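Now for the letters of each chain:
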Amino acid sequence: MTITGRCFCGAVRWESLEPPIVTRWCWCRECQYLGAGSGTVNSAFRTASFKITGKTTDWASIADSGNRMHRQFCPACGTPLFSTAEVRPHLIFARVGTFDDPSLAKPAMTIWTSSAPYWACIDPDLPKVEKQPPPAA
Ligand SMILES: [Zn+2]
Ligand SMILES: [Zn+2]
């Protein structure tokens, strides 16, 4: 099963030879910047079977956990595409809005609900974690 995606303008493309390990809806404060007011929905893939074509801009920051995180964007259209943590180089998180078929990724959990604004729509049927959940794998 190959899953493909791209940024808004198409300058960056990606593909994974495997389905996502897990998909989560994240309401951390950082994701609200990226999500334009909403949280973000992200799928974890194995880096080993994940390929990116095209140039991305990398922005690094230190997370609340102390981990150094990288976030990658398309330098042409600004679409947020990926995030990675230096402590877990075997995983890459792709923003589900960049999937060619976003229906292939269904959130299994909502995380960082403690950071969500009171008007956030949070699926009552999904498990909720107030802050950071344990690592995907
Ligand atoms: Zn682009
Ligand atoms: Zn987040």
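Anything mentioned here points back to the structure above.
Residues numbered from 1 in each chain as written. Chains lettered and ligands numbered in written order. Predicted model: local features only at pLDDT ≥ 70, side-chain atom pairs only at ≥ 80, totals over all residues. Heavy atoms only, no water.

Judged by pairing direction, the sheet is mixed, and its eight strands sit side by side in the order β6-β7-β8-β9-β4-β3-β10-β11 without closing on themselves. Either end of the sheet is taken by a strand with one partner, and the two such strands are β6 (57–62) and β11 (128–129). With two bridges joining them, strand β8 (residues 80–85) and strand β9 (residues 91–95) adopt antiparallel strand pairing. Residue pairing for β9: S83 is matched across the bridge by F93. (Pairing = 2+ DSSP bridges. Helix = DSSP H or I, 4+ residues; strand = E, 2+ residues; numbered from the N terminus.)

Ligation of the zinc ion (ligand 2) by protein atoms is provided by C26 (SG), C28 (SG) and C31 (SG), these donors lying 2.1 to 2.3 Å from the ion. Binding-site remark: the zinc ion (ligand 2) is held by donors from one chain whose sequence spacing is C-x1-C-x2-C. Residue C28 is classed as buried on the basis of its relative accessible area of 8%. (Donors = N, O, S within 2.8 Å, 3.2 Å for Na, K, Ca; no water. Buried < 20%, exposed > 50% of the residue type's maximum accessible area, 1.4 Å probe, protein only.)

Time to look at the layout of surface pockets. Approximately 630 Å³ is the volume found for the largest pocket. For the lining of the largest pocket, the secondary-structure elements that each account for two or more residues are β3 (22–26), α1 (29–34), β7 (68–73), β8 and β9. When the residues that make up the lining of the largest pocket are grouped by side-chain class, the tally is 14 nonpolar, seven polar and seven charged. In this structure, the second largest pocket encloses a volume near 190 Å³. L34, G35, G39, T40, V41, N42, T79, P80, R95, V96, G97 and T98 together form the lining of the second largest pocket. (1 Å grid on protein atoms, 1.4 Å probe; cavity = no way out; pocket = protein on both sides within 12 Å on 5 of 7 lines; lining within 4 Å. Points joined across faces, edges and corners; volume = space filled by probe spheres on them. Nonpolar A, V, L, I, M, F, W, Y, C, P; charged D, E, K, R; others polar.)

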